[in-house]
Structure formats: C-alpha cells, structure tokens
Amino acid sequence: MLNSMSHSVDTAAVVAAITKTLGRPQAFIPLHEPQFVGNEWNYVKDCLDTGWVSSVGKYVDRFEADVAEFCGVKHAVAVVNGTAALHVSLLLCDVQPGDEVLAPALTFIATANAIQYCHAVPHLVDVEETTLGLSPSALDAYLAEIAEVKNGACWNRQTGRRIAAVIPMHTFGCPVDMDPMLAVADKYSLAVVEDAAESLGSYYKGQHTGGFGRVAAMSFNGNKIMTTGGGGMVLTNDIALAKRAKHMTTTAKVPHRWEFTHDMVGFNYRMPNINAALGCAQLERVSQSVVEKRALFAAYQAAFAEIDGVSLFTEPDGCQGNYWLNALLLDVPDLVVRDAILVATNDAGLMTRPAWNLMHHMGPYQDCPRTDLPVSENLLQRLINIPSSPQLLDGRHA
Ligand SMILES: *Cc1c(COP(=O)(O)O)cnc(C)c1O
C-alpha cells in the first residue's frame with residue numbers, strides 16, 4: 001500500500017550495509033584518504049637530499065611525461081592545483097571577458113570559479129542521471145532555443161554574449177557521454193574544456209578522459225584518486241597550446257641566461273618539484289587504486305542490492321570509470337530521508353556527504369544565466385557519497 005512512508009529508507013540498514021562491506025572498521029572512516037605505499041619516501045627524499053624542491057627539477061618533467069603517457073595525450077603541463085589548471089585551460093581556449101561558458105550546475109565550485117577568473121560568465125546547464133555529467137541532448141535542445149552560430153562563433157540571442165566554451169565535468173570519475181557531447185560542441189562551435197579533476201583512471205569507450213577536449217584540467221588534491229599534496233595538470237594534444245600553457249604558468253618569462261623579461265602577464269602556477277616527486281610515485285600505483293576502487297564499488301553494489309529505496313550509482317555501458325567517490329541514490333527525492341541517512345552514517349563514524357550544492361544555490365552564482373535544471377535538482381535530493389578510499393576493502397585504513 002502506498003502511504004506517506006512509502007519512500008522511507010531503513011537508515012540502520014544503510015549503516016549496516018556500509019559497515020558490512022568494509023569489515024569491522026574501528027576508527028572514523030573518511031570519504032577519501034590518500035595512500036602512500038610505493039616510492040613516495042624515496043622520491044621526496046631524493047628532492048630533499050639534492051636540494052631540488054622548488055620550481056626546477058627532474059620530477060616535474062618526468063611527472064608531465066608520465067601523466068601524458070598514462071592518459072594517452074601528447075602533452076601535459078603540471079600546475080599548482082586543479083583550479084589553476086581549469087583557469088589556464090579556459091584562457092588557452094581564448095575565453096574572453098564578457099563571454100559565457102557552459103558548465104554543469106552540479107559540480108564543485110572550482111569549475112564556476114575558473115570561469116569567473118577569466119571575467120567570463122558561467123552559464124549553467126543540466127546533467128543526466130545516467131552519468132551525473134552534462135546532458136548532451138538537453139544541451140542540444142537548449143542551444144537550439146537560445147543560440148545561433150554566426151561567423152564561426154556561438155552567440156546567446158538572449159544576452160547578446162558570445163558562448164565561448166563548454167566544460168563537461170566527469171562527476172565522481174564517471175565519464176560524460178562524450179560522443180554526443182563533442183557533436184553538440186562541434187555543431188555550435190564551442191571549445192571543449194574537460195574538467196577531468198576527478199577522472200584520472202576513467203575511460204570512455206576505451207579512451208582516457210581528458211583526451212577528448214581541446215584542453216583538459218586534472219587535480220591532484222589530497223582527496224582525489226592520487227595526490228601531489230596539492231597539484232593539477234593541463235592536458236592537450238596541441239603542441240602550440242602546450243607551449244603556451246607552460247609559458248603562461250611560469251610567469252611568461254622569456255628564456256635567457258640572465259635577463260628577466262616577461263612578455264605578458266603570466267601566472268606563478270608551476271608545480272614545485274617536491275610535489276611532482278610525490279606525483280611520480282603515486283602515479284605508479286594509480287592503476288592498482290582503480291582496481292581496488294572498482295572492487296569496493298562492486299562490494300557496495302552487492303550490499304545495497306538488498307536494501308529497499310536506495311541503490312548504488314552505476315556507470316553506463318561503454319564507460320570504465322575510477323569510482324573516485326561511490327554514490328548512493330535514493331529511489332525518490334526526499335531531503336528528510338537523505339538527511340536521516342547522513343546523520344545516521346556520520347554518527348556511526350562513517351563519513352558521508354550530499355552532492356555539492358548546485359552552483360545557482362550559492363551567493364556568487366545565484367544570478368548566472370541557466371536553463372531549467374530538473375535533473376540536477378532531483379539528484380541533489382537523492383545523492384549521498386559514501387566512504388570510497390581504495391584501501392578500505394583490505395582493511396589497511398585501520
Ligand atoms: C577537485 C576539483 C577541482 C579543483 O581542483 P583543486 O586541485 O582542488 O583546485 C575542480 N573541479 C572538480 C570537479 C573537482 O572535483
């Protein structure tokens with residue numbers, strides 16, 4: 001019988017399902033913890049022993065080459081964090097003050113901030129439930145309504161502004177449906193900047209994320225699948241853009257043996273050697289982390305199959321994601337049920353959290369142009385991230 005309790009979820013069963021999956025956790029279980037079990041000590045010690053800790057050193061070059069190879073892209077430029085990587089990526093795509101840039105409403109605020117740093121305007125669009133990322137079909141229908149292509153550029157007929165680029169963000173490591181996404185971008189002459197901050201180790205139809213757009217940004221923050229302490233990477237297949245990225249992120253200094261000449265207002269966004277050393281070691285194990293995280297996903301999926309009213313987010317066919325963060329989805333949007341689960345799990349020492357607040361729900365972006373956002377609004381009331389560290393299954397966290 002349907003009644004007002006028909007979409008309640010047994011919160012104790014949710015806590016039990018997580019606890020059962022993780023064995024018998026003793027301490028507080030964070031959402032995502034870094035893991036240092038490889039060459040981290042050796043490489044970082046090498047930096048300290050040799051004095052090469054800062055803006056020059058062999059680990060930056062090596063880390064860039066290793067990440068490019070791992071991701072199947074031609075060039076990678078290491079920077080101080082993922083937000084800086086996004087900022088530079090947008091500038092590389094010639095995003096100008098007053099332009100609009102399309103971005104999902106459901107993302108971490110850095111995506112929108114990077115647009116704002118360019119003095120451009122975030123234009124928020126909806127996601128799809130199958131990937132939690134930008135919906136190519138919704139975007140196509142929306143642009144048909146509001147945009148026109150003139151002289152090889154896309155114009156917003158309602159605001160009169162140019163729409164310069166679109167940022168597909170691979171949410172929690174699940175790839176955006178890139179084939180139709182690229183087709184829409186092509187149809188409307190939009191530069192594609194992938195926000196691949198969460199998707200190292202995630203593949204769409206066999207190709208690593210970050211290699212689809214003109215440029216992509218990655219993050220190696222402490223909570224991501226691998227870390228450099230803090231760090232980011234700009235990825236591109238275009239040698240001219242890669243050279244420009246290096247130049248812009250290293251204060252735009254013109255190479256010379258002793259003279260300090262800078263030919264534009266550059267940024268001090270270069271990744272220090274000591275962080276890159278950590279990154280080289282972390283990258284050596286990232287494939288193993290993906291295997292562990294996919295195993296954790298499978299274990300959670302089995303545990304939650306038994307619980308009514310809730311299921312585990314599962315990637316669509318054709319994707320091989322890193323399951324950076326696992327996500328529970330309530331069958332029915334209900335903030336009361338969602339928050340009851342958040343309370344019960346956090347009380348039990350299991351760190352959980354809802355999806356990020358939607359961009360237009362927050363002060364800085366409340367007045368941004370946007371389409372209807374029914375799927376984003378729906379997901380916000382249904383989604384809960386649960387502990388996802390790769391080492392959780394084998395109990396090494398204790
Ligand atoms: C982490 C993250 C960033 C920013 O990376 P930082 O290294 O923290 O600056 C950008 N976008 C998304 C989607 C992220 O998850």
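As a starting point, this report considers the structure included with it.

What to know about the nonpolar core
In terms of nonpolar packing, the biggest core is built from 46 residues, with F63, V67, L200, M218, F220, M233 and L235 touching the most fellow members. Per-element tally for this core: the top contributor is helix 3 (residues 58–71), with six residues. If you count residues domain by domain, this core takes at least three from each of domain 1 (11–35 + 286–393) and domain 2 (40–283). In terms of nonpolar packing, the next biggest core, distinct from the first, is built from 28 residues, V95, V101, C118 and A165 among them.

Here we look at the side chain of E128
Along the chain, the position of E128 falls in the loop between strand 3 (121–125) and helix 6 (136–146). We note that E128 is buried and unpaired, the nearest opposite charge coming from K205 at a distance of 11 Å. E128 has contacts with G133, L134, S135, P136, D177 and V375, leaving out every residue within four places of it along the chain.

Comments concerning the packing of helix 1 (residues 11–21) against helix 10 (residues 286–304)
Helix 10 packs onto helix 1 with a crossing angle of 140 degrees between their chain directions and a minimal axis gap of 9 Å. Crossing hand, helix 1 versus helix 10: right-handed. Packed against helix 1, whose contacting residues are V14, A17, I18, K20 and T21, the element helix 10 presents L296, A299, Y300, A303 and F304 at the interface. Here the contact of helix 1 with helix 10 is composed, by residue class, of eight nonpolar, one polar and one charged.

Topic: the packing of helix 4 (residues 82–92) against helix 5 (residues 109–117)
Interhelical geometry of helix 4 versus helix 5 gives an angle of 45 degrees and a closest axis separation of 9 Å. Here helix 4 lies oblique to helix 5, going by the angle between them. The element helix 4 and its partner helix 5 pack so that their crossing is right-handed. Facing helix 4, whose interface residues are T83, L86, H87 and L90, helix 5 presents A110, T111, A114, I115 and Y117. Taken together, the residues of the contact of helix 4 with helix 5 break down into six nonpolar, three polar and no charged.

Considering the site of the ligand
G82, T83, E198, S219 and K224 are the nearest of the 16 residues found near the ligand. T83 is positioned such that a nitrogen or oxygen atom in its side chain is 2.5 Å from an oxygen atom of the ligand. In this structure, S219 approaches the ligand through a side-chain N or O atom, which is 2.7 Å from an oxygen atom. For the ligand, the protein covers 92% of the area, taking 380 Å² as the surface of the free molecule.

Quick look at the sheet that holds strand 8 (residues 203–204)
The pairing of strands in a sheet happens through backbone hydrogen bonds and is either parallel or antiparallel. With antiparallel pairing, three strands are arranged side by side in an open sheet as 9-8-13. Edge positions in the sheet fall to strand 9 (207–208) and strand 13 (319–320), since each has one partner strand and no second. Judged from the two bridges that link them, strand 8 and strand 13 form a sheet pairing that is antiparallel. Bridge pairing in strand 13 links Y204 to C319.

Some details on the side chain of T352
Within the secondary structure layout, T352 lies in the loop between helix 11 (335–347) and strand 15 (353–354). Within the structure, the side chain of T352 is placed 2.7 Å from the side chain of T345, a separation counted as a polar contact. Once residues lying within four places of it in the same chain are set aside, the contact partners of T352 are L31, L342, T345, N346, I384, N385, I386 and P387.

Thresholds, definitions, all that
- Residues numbered from 1 in each chain as written.
- Predicted model: local features only at pLDDT ≥ 70, side-chain atom pairs only at ≥ 80, totals over all residues.
- Heavy atoms only, no water.
- Core = buried A, V, L, I, M, F, W, Y, C linked by side-chain atoms within 4.5 Å.
- Buried < 20%, exposed > 50% of the residue type's maximum accessible area, 1.4 Å probe, protein only.
- Helix = DSSP H or I, 4+ residues; strand = E, 2+ residues; numbered from the N terminus.
- Domains from an automatic or database assignment.
- Lys, Arg positive; Asp, Glu negative; His and termini not counted.
- Salt bridge = Lys/Arg side-chain N within 4 Å of Asp/Glu carboxyl O.
- Contact = heavy atoms within 4.5 Å.
- Axes fitted to C-alpha atoms, helices over the stretch in contact; angles between N-to-C directions.
- Left-handed = near helix turned anticlockwise from the far one by under 90°.
- Nonpolar A, V, L, I, M, F, W, Y, C, P; charged D, E, K, R; others polar.
- Parallel < 35°, antiparallel > 145°, perpendicular 65-115°, else oblique.
- Near = heavy atom within 4 Å.
- Polar contact = N/O pair within 3.5 Å; in protein donor to acceptor, adjacent residues only side chain to side chain.
- Areas by Shrake-Rupley, 256 points an atom, 1.4 Å probe, with all protein chains shown as cover.
- Pairing = 2+ DSSP bridges.

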